[in-house]
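A structural walkthrough
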Amino acid sequence: MAKVQITETVLRDAHQSLIATRMKTEHMLPIIEKLDKVGYFSLECWGGATFDSSLRFLDEDPWERLRIIRKGAKNTKLQMLLRGQNLLGYKHYADDVVEYFVQKAIANGIDIVRIFDALNDVRNIETAIKTCKKEKGHAQAAVCYTISPVHDLDHFVKTAKDLVDLGADSICIKDMAGLLLPYPAYDLVKALKENVDIPIQLHTHYTSGVASMTYLKAIEAGVDIVDCAISPLAMGTSQPPTEPLVATLKGTEYDTGFDLRLLSEIADYYKPLKEKFIEQKLLDVKVMGVDVNTLKYQVPGGMLSNLVSQLKQSNQSDKFEDVLNEVPKVRAEFGYPPLVTPTSQIVGTQAVMNVISGERYKMVPKESKALVKGEYGKTPAPIPKEIQELILKGEEPITCRPADLIEPELDKIRNEMKVYMEQEEDILSYALFPQVAENYFKYRQAKKYKIDNNLVDYENQTHPV
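Heads up: these notes are all about the structure in this document. Counting of residues starts from 1 at the beginning of each chain's written sequence and follows it residue by residue. The predicted origin of the model limits local features to residues at a pLDDT of at least 70 and limits the giving and counting of side-chain atom pairs to 80 or more, whereas totals for whole chains, interfaces and linings rest on all residues. Neither water nor hydrogens contribute to the side-chain values; these are computed over all heavy atoms in the structure.

**Some points on empty space enclosed by the protein**
Quick reminder of the rule: Of the grid points, spaced at 1 Å and generated over the protein atoms alone, those admitting a 1.4 Å probe that cannot get out make up cavities, while open sets with protein on both sides within 12 Å along at least five of seven lines make up pockets; any residue with an atom within 4 Å of a point is treated as lining. Grid points are joined across faces, edges and corners, and a volume is the space filled by probe spheres set on the points.
Tallying each qualifying case throughout the model produces one cavity of 30 Å³ or more. Within this model, the largest cavity holds a volume of roughly 80 Å³. Lining the largest cavity, in full, are Arg83, Asn86, His92, Phe116, Asp117, Ala118, Leu119, Thr341, Pro342, Thr343 and Tyr376.

Right, dumping it as structure tokens:
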């Protein structure tokens, strides 16, 4: 067994999970050089919700952030998270948009693209993998972990093999809800190591309190890489902390070789920042605790809070237990999708509607219909015929790859937003978030105009000789 490698998530998933992705580039810059010296397998720094959040809330260009991080991290691979055919948005995009996005992500500094699909439908990952390989990037294909009658070892091994056949360079077990327990983790990693011949990485969240133990068992089973976050922004809904794992493995055959003093210096940088986030009410200390209900209901923490919120709006908070009992029923009838964006929201909302209307499937949101119709892809288990008939009312389900039905759209998008374009990448920002990107482009133009005017005024001043 070679030493275990670690991906550091503090620049992406850690702050996405704890402070709704509100860390600015200025918070990252001073520490990048030290992070670069640790010897991490990679720095996860882009993708997920960082793109949307940069444009929507921080008035930052996500592409510029990536270029800045790339400049500072000279020795460490940079990694991003991509939702397959959804890219970083919430719907499927045409192949030409997916191809151009992956191409530009790699051109701007990304080395490793972690690609997943909410349903584990490998057809939704195919275009992104192929483009990543073509652009000489490392295509890491993710298998979403969940628990259901159809999600057994055979299912995960088959999915992983299919992804290897598509050209994946490594496989990530993506446990987005913190459901993977230590002993099942051992069995899963062992099964994958016996069946696929590429590195296996494990990603989990501390939500249920077991994640560090899960990592230890996975390491014993032969996992190659694990995702951790530096301690001030670890645990709770984030990842297991980096330093305790490094200390635990020290002197063993799995020794990371990391310098604990350097990690301690990095943690010292983030401690006052964490306090600042708490003061600004960006970080709610509640998310730092352990929520064992995650295991009891097999529902991610964020989904639980959404259910509570939806019931409050309807003045039916007393129906919470009823909704929790309804969630697994809807999930089974919808083909046992893993509960990750967007399927967690779809299943949760349908469960709430079934309970508050008093009649199951009396109200069906368009997202539920799209899932049942096949617009998101193939569900892990077939959707029962009676549910299809009840929701689709005679419409034929889609059986092809959903993106096959989407016409090329890059030229149309380029035409729509050309008045704002300052760089090629702007087309992609607009493709994913048209309104949000347009607002940002207007802000950018206004800022530039102000700076230019100030420069003119300055030049017209008389200067003493």
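**Topic: the side chain of His27**
Note the cut-off: Note on conventions: DSSP H or I runs of at least 4 residues are helices, E runs of at least 2 residues are strands, and numbering of each starts at the N terminus. Partly exposed describes any residue whose relative accessible area lies between the buried limit of under 20% and the exposed limit of over 50%, with all areas from a 1.4 Å probe on protein chains only and scaled to the type maximum. We call two residues contacting when some pair of their heavy atoms lies within 4.5 Å.
Within the secondary structure, His27 sits in helix H2 (residues 25–37). Classification of His27 as buried rests on a relative accessible area of 9%. If we skip the residues at most four places from it in the chain, His27 touches Tyr269, Leu273, Lys276 and Phe277.

**A few points about unusual backbone geometry**
Despite not being glycine, Asn120 has its phi angle at roughly 60°, a positive value. Secondary-structure assignment places Asn120 in the loop between strand S4 (112–115) and helix H6 (126–134). A positive phi is found at Tyr361, a non-glycine position, where the angle reads about 65°. Note that Tyr361 resides in the loop between helix H15 (343–357) and helix H16 (366–373).

**Some words on the nonpolar core**
The tendency in soluble globular proteins is for nonpolar side chains to be buried as a group. How we decide: Remark: nonpolar core denotes a set of buried residues (Ala, Val, Leu, Ile, Met, Phe, Trp, Tyr, Cys) joined through side-chain atoms within 4.5 Å.
With 105 residues, the main nonpolar core has Trp46, Leu82, Phe101 and Tyr270 as its most contacted residues. With near-sequence residues (within four places) excluded, Phe101 lies in contact with Trp46, Phe51, Trp63, Met80, Leu82, Leu87, Leu88, Leu428 and Leu432. Grouped together as the second largest cluster of nonpolar side chains are 27 residues, Tyr297, Val327, Ile346 and Ala351 included.

**Looking at the sheet that holds strand S3 (residues 77–82)**
Counted only if it meets this: DSSP calls a pair of strands paired once it identifies at least 2 bridges connecting them. Axis definition: a line fit to C-alpha positions, over the contact stretch in the case of helices; interaxial angles, taken between N-to-C directions, run 0 to 180 degrees.
Taken together, the eight strands give a closed barrel; going around it, the order is S1-S2-S3-S4-S5-S6-S7-S8, and neighbouring strands pair in parallel fashion. Averaged over neighbouring strand pairs, the angle between their axes works out to 30° when direction is ignored. Pairing of S3 with S4, which is carried by four bridges, proceeds in the parallel orientation. Paired with Met80 across the strands is Val113, a residue of S4.

**Structural notes on the packing of aromatic side chains**
Rule in force here: Pairs were defined over the aromatic rings of Phe, Tyr and Trp, the Trp ring being its six-membered one, requiring ring centres within 6.5 Å. Orientation was assigned from the angle between planes: stacked under 30 degrees, edge-to-face over 60, tilted for the rest. Cation placement over rings: the criterion is NZ of Lys or CZ of Arg within 6 Å of the ring centroid and within 35° of the ring normal.
This structure, assessed with the given rule, holds 15 aromatic pairs. An angle of 80° between the planes, with centres 5.4 Å apart, marks the rings of Tyr40 and Phe258 as edge-to-face. One end of the pair, Tyr40, is in the loop between H2 and strand S2 (42–47); the other, Phe258, is in the loop between helix H10 (242–249) and helix H11 (260–279), with 218 residues separating them in the sequence. The residues Tyr40 and Phe258 share a single accessibility class, namely buried. Here the aromatic rings of Tyr90 and Phe433 are separated by 6.2 Å at their centres, their planes lie at 65°, and the arrangement is edge-to-face. You can see Tyr90 sitting in the loop between S3 and helix H5 (95–107) and its partner Phe433 sitting in the loop between helix H19 (425–432) and helix H20 (434–460), a full 343 residues away along the chain. Using a relative accessible area of 5% as the deciding quantity, one classes Phe433 as buried. Among the aromatic side chains, those forming a connected cluster through ring pairs are Trp46, Phe51, Trp63, Tyr90, Phe101 and Phe433. Seen from the ring of Phe57, Arg22 lies directly overhead, with NZ or CZ sitting 3.7 Å from the centre.

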